Amino acid sequence: MRKGLRRRTTEPRAWQRMLSGRRLDLLDPSPMDIEIEDIAHGLARVARWNGQTLGDHAFSVAQHSLVVEEIVAHIQPDIAPKWRLAALLHDAAEYVIGDMISPFKAALGFDYKVFEERLETAIHVRFGLPAKPPAWVKTLIKQADHACAHFEATQLAGFSKAEALDFFGAPPEGYDLRIEPLPPSQAQERYVQRYHVLSEAAGFAPADAAFDTE
């Protein structure tokens, strides 16, 4: 073997190196290898609707997540900060797996869902949330997710209002949104800032301190 070359193992690589330096095991993700900055960086560069949207910038999953958290609070103003944080993080797994459209997720089947759920569990544990949020929280977030998708569909993705109503339902009463897709750097910055606001409001320790062994 030539000097400087490393022999490949027979097993395929099942981890991803993040810009923070973390190596995330994709088959068995550890909360200790998850950082909010990596999530924000990735989500700000993942395009909703596979990038088939109007505008100079893609509408990122990071910006979508900010809107979903806002809609959750509109629907239920007295909701606890930790559940608003859960809303912000509802698509956090996509910093690794990307934003697959629902039909493709269905085609991939059960194994994909198991993988996604493992990563979501690790993310929740990392940031102080229950591994599995209560059913009512998941339902509320899904309602807000559909509401955001309604606005995205009609303003960015070429859907008619009738189509959006059919696929996603009507937005909550009293809530309106005019979408302006942000550049990745701005979406990333706003996502991290919102995380820190909600985490502090929920009384959680900073993420870096959550696994401090000293």
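What you see is a predicted model; the values in this text were computed from it and never measured. (Residues numbered from 1 in each chain as written. Predicted model: local features only at pLDDT ≥ 70, side-chain atom pairs only at ≥ 80, totals over all residues. Heavy atoms only, no water.)

## A closer look at the nonpolar core
1) Next: If you look at the biggest cluster of nonpolar residues, it comprises 51 residues, and the most contacted ones within it are Ile-39, Leu-89, Tyr-95, Ile-123 and Tyr-191.
2) Next: Every element with two or more residues in this core is listed here: α1 (36-43), α2 (61-75), α3 (81-88), α4 (94-97), α6 (110-126), α7 (135-155) and α9 (184-201).
3) Next: Beyond its immediate stretch of four places on either side in the chain, Ile-123 contacts Ile-34, Ile-39, Leu-89, Ala-92, Ala-93 and Tyr-95. (Core = buried A, V, L, I, M, F, W, Y, C linked by side-chain atoms within 4.5 Å. Buried < 20%, exposed > 50% of the residue type's maximum accessible area, 1.4 Å probe, protein only. Helix = DSSP H or I, 4+ residues; strand = E, 2+ residues; numbered from the N terminus. Contact = heavy atoms within 4.5 Å.)

## Considerations on the packing of α1 against α9
Axis angle and axis distance: for two packed helices, these are the angle between their axes and the distance between the axes, and together they describe the pair.
1) Next: Direction vectors running N to C along α1 and α9 enclose 145°, while the axes themselves pass 8 Å from each other. Read as a crossing pair, α1 and α9 show a hand that is right-handed. Where α1 approaches α9, its residues Ile-36, Glu-37, Ile-39, Ala-40, His-41 and Leu-43 are matched on the opposing element by Gln-188, Tyr-191, Val-192, Tyr-195 and His-196.
2) Next: When its residues are assigned to classes, the contact of α1 with α9 shows seven nonpolar, three polar and one charged. (Axes fitted to C-alpha atoms, helices over the stretch in contact; angles between N-to-C directions. Left-handed = near helix turned anticlockwise from the far one by under 90°. Nonpolar A, V, L, I, M, F, W, Y, C, P; charged D, E, K, R; others polar.)

## A few points about the layout of surface pockets
1) Next: In this structure, the second largest pocket occupies an estimated 260 Å³ of space.
2) Next: Lining the second largest pocket are 14 residues, and of these Gln-63, Leu-66, Val-67, Leu-182 and Arg-190 lie nearest its centre.
3) Next: When residues of the lining of the second largest pocket are traced back to their parent elements, those giving at least two are α2 and α9. (1 Å grid on protein atoms, 1.4 Å probe; cavity = no way out; pocket = protein on both sides within 12 Å on 5 of 7 lines; lining within 4 Å. Points joined across faces, edges and corners; volume = space filled by probe spheres on them.)

## As for unusual backbone geometry
1) Next: Phi at Trp-49 takes a positive value of approximately 60°, unusual for a residue other than glycine.
2) Next: Structurally, the position occupied by Trp-49 is in the loop between α1 and α2.
3) Next: You will see that Asn-50, though not glycine, has its phi angle at about 55°, which is positive.

## What about the packing of α7 against helix α8 (residues 161-168)?
1) Next: Their axes nearest at 9 Å, the elements α7 and α8 cross at an angle of 160°. Relative to α8, α7 is oriented roughly antiparallel. Along this stretch, α7 crosses α8, giving a crossing that reads as right-handed. Residues His-146, Ala-149, His-150, Ala-153 and Thr-154 of α7 form the contact with α8, whose participating residues are Lys-161, Ala-164, Leu-165 and Phe-168.
2) Next: Of the residues contributing to the contact of α7 with α8, the split by class is five nonpolar, three polar and one charged. (Parallel < 35°, antiparallel > 145°, perpendicular 65-115°, else oblique.)

## Quick look at the pattern of salt bridges
1) Next: Counted by the stated rule, this structure contains seven salt bridges.
2) Next: For Glu-35, the salt bridge is made with Arg-126, and the minimal N-O distance between the two is 3.0 Å. With Glu-35 in the loop between β2 (23-25) and α1 and Arg-126 in helix α6, the pair connects residues that are 91 residues apart, well separated along the chain. (Salt bridge = Lys/Arg side-chain N within 4 Å of Asp/Glu carboxyl O.)

## Here's the deal with α1
1) Next: Of all eight residues making up α1, six are buried, and the element is well covered by its neighbours.
2) Next: Regarding α1, the residues found buried are Ile-36, Asp-38, Ile-39, Ala-40, Gly-42 and Leu-43.

## A few points about the packing of aromatic side chains
1) Next: Scanning all chains against the criterion turns up eight aromatic pairs.
2) Next: On the basis of an interplanar angle of 75° and a centroid distance of 6.4 Å, the ring pair of Trp-83 and Trp-136 is categorised as edge-to-face. On the criterion of sequence distance, the pair formed by Trp-83 in helix α3 and Trp-136 in helix α7 is long-range, its members being 53 residues apart.
3) Next: By relative accessible area, Trp-83 is classed as buried at 9%.
4) Next: With a centroid separation of 6.2 Å and an interplanar angle of 50°, the aromatic rings of Phe-167 and Phe-168 are classed as tilted.
5) Next: Phe-167 sits in the exposed class, given a relative accessible area of 55%.
6) Next: Ring pairs connect the aromatic residues Trp-49, Phe-159, Phe-167 and Phe-168, which therefore count as one cluster.
7) Next: The aromatic ring of Trp-15 is capped on one face by Arg-23, whose charged end is 4.1 Å from the ring centroid. (Phe/Tyr/Trp six-rings, centres within 6.5 Å; stacked < 30°, edge-to-face > 60°. Lys NZ or Arg CZ within 6 Å of the ring centre and 35° of its normal.)

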